[in-house]
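# Breakdown of the fold
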Amino acid sequence: MQADVNPFPLLGNRHDVEEGVGTACERADFSAPAPLVDGHGRVVRYLRLSVTDRCNLRCMYCCSNARQTCIPHTQVLRYEEMARMVGIMARLGVTKVRLTGGEPFARKGCDGFLYMLHSRFPDMDLRLTTNGTLLEPHIPLLRQVGVKAVNLSLDSFDRETFAKVTGRDMQPAVLSALDRLLSAGIRVKVNAVAMRGVNDGQMDDFVHAVRTMPIDLRFIEFMPMGSGTLWNAGTFWPAADIRAEAERRVRLVPEKEDRAEAGPARMFRVKGGKGRLGFITAVSCHFCGSCNRLRLTSDGNLRTCLFDDREYALRHFLRDPAMTDADIERTIRKACTEKPVGAELLANRSGDEVAARQMVGIGG
Ligand code: SAM
């Protein structure tokens, strides 16, 4: 892999000076690049890496009900190319990588890829977001490569509702995986997209789950992403209303903020319960100020904000032998300077959707 050594270490570089992280003289390692800082002073530490846009479920909030066209295989990054990107990101200060999709395990070889990442970047905090339907046989590997927590999408504990939302009657496989993850000592964050008229009548089930299982159950506000999903003003169930519904059943005690661990979720302990309840207020109350993430789509496009359809194509860089890691790094830095405040895009959108690309192709 190309080493990117600053040819003028004693002069530092633009970021050393402008972002107040110390000059190159003050830093112990002269060859370590400056951290990745965006145009709003936010430091990027987290990459969400979509390994595929293919998924075995058809969730009504994630992909359109119209016939889906997938990214052609030739355009999907090879695992080796993805690992190179992770290496570049690691050098730029990224410490956490989340594999997402589509469904990560719907792509052949995802196991081997996790193993490759762990072997090459043993200090990287590896995470996974999955629908859990294909997960169970891979749980021993997750332990082996040190995955500390898994985000499991589960929008309903009612089997029929699950089948309606996802288009597949596969809830038993998800519940079984959830059980196995807990037995293996892996933390589970259950993500439930909150939808009026779909799962808003199921608070008893959700509360029962956090009372009896040591899980973090996070309601995600339904985001208007891509056309043809179920989203409309009527299906939007705001976090404030969800919280009120939960508090009719249980006392919620706010947790101290641990942004690094909780990410965008506001977490609450449940009085007398084993688990916690949380809210990801992606629509009603933004957390853009603390956004530390970038996204890489499976076709090699860098996306600096979930709500921003401007993407920076990196695949041709990765496939051009003349392009070095330093060239790619420069493009990433440039993209970061243009990272917007997503809440502004959401507020100023003209139609329903804030972005055209569907979540299934971005990775959430
Ligand atoms: N297939 C995996 C899964 O189901 O977790 C990973 C991909 S999925 C796109 C990642 C996350 O995005 C899931 O937690 C899903 O619930 C969430 N998501 C998808 N569409 C959403 C939307 N319109 N609003 C809020 N969350 C959404």
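Residues numbered from 1 in each chain as written. Predicted model: local features only at pLDDT ≥ 70, side-chain atom pairs only at ≥ 80, totals over all residues. Heavy atoms only, no water.

- In the annotation of an unreviewed UniProt entry, the entry for the protein reads GTP 3',8-cyclase, and the organism field reads Desulfovibrio desulfuricans.
- What UniProt records for the protein under Cofactor (unreviewed entry) is the sentence "[4Fe-4S] cluster".
- On record in UniProt, under Catalytic activity (unreviewed entry), the comment for the protein is "GTP + AH2 + S-adenosyl-L-methionine = (8S)-3',8-cyclo-7,8-dihydroguanosine 5'-triphosphate + 5'-deoxyadenosine + L-methionine + A + H(+)". (UniProt positions renumbered as here; feature names shortened; annotations may be inferred.)

## Regarding the site of the ligand
- Around the ligand, a shell composed of 19 residues is seen, among which Tyr61, Gly102, Glu103, Ser153 and Met223 lie nearest.
- Backbone polar atom of Tyr61 to a nitrogen atom of the ligand: 2.9 Å apart, as the coordinates give it.
- The separation between a nitrogen atom of the ligand and a polar main-chain atom of Gly102 is 2.9 Å.
- For the ligand, the accessible surface in isolation is 550 Å², of which the surrounding protein chains cover 96%.
- Among the secondary structure elements, those contributing two or more residues to the shell around the ligand are β3 (125-130), β5 (187-194) and β6 (216-221).
- For the shell around the ligand, the class distribution of residues is seven nonpolar, 10 polar and two charged. (Near = heavy atom within 4 Å. Polar contact = N/O pair within 3.5 Å; in protein donor to acceptor, adjacent residues only side chain to side chain. Areas by Shrake-Rupley, 256 points an atom, 1.4 Å probe, with all protein chains shown as cover. Helix = DSSP H or I, 4+ residues; strand = E, 2+ residues; numbered from the N terminus. Nonpolar A, V, L, I, M, F, W, Y, C, P; charged D, E, K, R; others polar.)

## Let's talk about the sheet that holds strand β10 (residues 293-296)
- Sheet architecture is open: 12 strands sit in the order β7-β8-β9-β6-β5-β4-β3-β2-β1-β10-β11-β12, paired in mixed fashion. In this open sheet, the two edge strands, each paired with only one partner strand, are β7 (252-254) and β12 (311-313). Between one strand axis and the next, the sheet turns by 25° as a mean value, whatever way the strands run.
- Bridge analysis of strand β2 (residues 96-100) against β3 gives four bridges, and the strand direction is parallel. Within the sheet, the bridge partner assigned to Leu99 lies in β3 and is Leu128.
- Running over the sheet, helix α6 (residues 171-183) touches β4 (149-153) and β5 and is turned about 165° from β4.
- Of the strands in this sheet, β5, β6, β8 (266-270) and β9 (276-280) are in contact with helix α7 (residues 203-212), which crosses β6 at around 145°. (Pairing = 2+ DSSP bridges. Axes fitted to C-alpha atoms, helices over the stretch in contact; angles between N-to-C directions. Contact = heavy atoms within 4.5 Å.)

## What about the packing of aromatic side chains?
- Applying the stated criterion to the full structure yields seven aromatic pairs.
- With centroids separated by 4.9 Å and ring planes inclined at 80°, the aromatic side chains of Phe206 and Phe219 adopt a geometry described as edge-to-face. One end of the pair, Phe206, is in helix α7; the other, Phe219, is in strand β6, with 13 residues separating them in the sequence. Of the two residues examined, Phe206 and Phe219, each falls in the buried class. (Phe/Tyr/Trp six-rings, centres within 6.5 Å; stacked < 30°, edge-to-face > 60°. Buried < 20%, exposed > 50% of the residue type's maximum accessible area, 1.4 Å probe, protein only.)

## Remarks on the pairing of β8
- One ladder, built from three bridges, connects β7 with β8; its direction is antiparallel. Within the sheet, the bridge partner assigned to Leu252 lies in β8 and is Val270.
- Summarising the sheet, β8 and β9 pair through four bridges and their orientation is antiparallel. The partner of Met267 across the bridge, within β9, is Gly278.
- The turn joining β8 and β9, which pair antiparallel and follow one another in sequence, is formed by five residues; a positive phi near 80° is taken by Gly272.

## Thoughts on the nonpolar core
- Formed by 107 residues in total, the largest nonpolar core has its most connected members in Leu99, Phe113, Leu135, Leu142, Leu217, Phe219 and Ile332.
- It is helix α2 (residues 79-91) that contributes the most residues to this core, seven residues altogether.
- The contact partners of Phe219, leaving out residues within four places of it in the chain, are Ala192, Ala194, Met203, Phe206, Ile242, Leu277, Gly278, Phe279 and Ile280. (Core = buried A, V, L, I, M, F, W, Y, C linked by side-chain atoms within 4.5 Å.)

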